[in-house]
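Here is how the chains run, residue by residue.
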Amino acid sequence: MAIVAYTNEEPNGLATMLGGLIDANLQAHPERERLLRQAVVAVTAPDAGVSVTLSMSPGRVDVSNGVNGRPDLTVQADSDTLIELSSVPLRFGLPDNMTREGREVTGKLMKGKIKVKGMFLAPGKLARFNKLLSVN
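Rules of the game
- Residues numbered from 1 in each chain as written.
- Predicted model: local features only at pLDDT ≥ 70, side-chain atom pairs only at ≥ 80, totals over all residues.
- Heavy atoms only, no water.
- Helix = DSSP H or I, 4+ residues; strand = E, 2+ residues; numbered from the N terminus.
- Salt bridge = Lys/Arg side-chain N within 4 Å of Asp/Glu carboxyl O.
- Buried < 20%, exposed > 50% of the residue type's maximum accessible area, 1.4 Å probe, protein only.
- Pairing = 2+ DSSP bridges.
- Contact = heavy atoms within 4.5 Å.

*Asks:* Any chance you could explain unusual backbone geometry here in plain terms?
*Replies:* The phi torsion of most residues other than glycine is negative, and most of the peptide bonds are trans. Phi is positive for Phe 92, which is not a glycine, with a value near 60°. In this structure, Phe 92 sits in the loop between strand S6 (90–91) and strand S7 (94–95).

*Asks:* So what exactly am I meant to see when it comes to the pattern of salt bridges here?
*Replies:* Between side chains of opposite charge, pairing is possible as soon as their charged atoms come close. Applying the stated criterion to the full structure yields 6 salt bridges. One salt bridge connects Asp 72 with Lys 125, and the closest N-O pair in it is separated by 3.5 Å. Of this pair, Asp 72 sits in the loop between strand S4 (60–65) and strand S5 (73–77) while Lys 125 sits in helix H4 (residues 123–133), and the two are 53 residues apart along the sequence. The class of Asp 72 is partly exposed, set by a relative accessible area of 30%.

*Asks:* It is not clear to me how the pairing of strand S2 (residues 39–45) should be interpreted in this structure. Could you clarify?
*Replies:* Here S2 lies mainly inside the structure; 7 of its 7 residues are buried. The alternating pattern of S2 places Ala 39, Val 41, Val 43 and Ala 45 on one face and Val 40, Ala 42 and Thr 44 on the opposite face, and all of these are buried. Bridge analysis of S2 against strand S3 (residues 50–57) gives 7 bridges, and the strand direction is antiparallel. Note that in S3 the partner of Val 40 across the bridge is Ser 55. Hairpin connection of S2 to S3: 4 residues between the antiparallel strands, including Gly 49 at a positive phi of 70°. Both S2 and S5 contribute to a ladder of 4 bridges, which runs parallel.

*Asks:* What's the story with the environment of Leu 18 in this structure? I'm lost.
*Replies:* Looking at where Leu 18 falls in the secondary structure, it is placed in helix H1 (residues 13–28). Residue Leu 18 is classed as buried on the basis of its relative accessible area, which comes to 4%. A sequence separation of 58 residues divides Leu 18 from Gln 76, and the C-alpha atoms of the two residues are 14 Å apart. Contact partners of Leu 18, with chain neighbours within four places excluded, come to Val 43, Val 52, Leu 54 and Leu 133.

In structure tokens form, the structure reads like this:
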């Protein structure tokens, strides 16, 4: 079973939310453990003034407060949008534009309400990260 570990004694709210979501998804869908490959993803919610770094490797996700090191991907969105992302239907690990929710996320991405740095350089890592967060 994959381990989700917090590197800070007191994880911030975003770290707790994302770590808990990934842990619950891995428990509900053990086959998703194969998605855990070397990747570092930073997630920032400017409206809440918090950020988190998720360092993934086979069988493990380390969750830490703040942006640490040089992430492969950096996702920035308001906290409500970050919560919404976990329930968006996916196709090939990306928002499914055949659904209303998928089109809304793509629209926010095009309007700059969601910013993903590294999206074109690491599309596989982005797809795996999206699948880890997805409750679907």
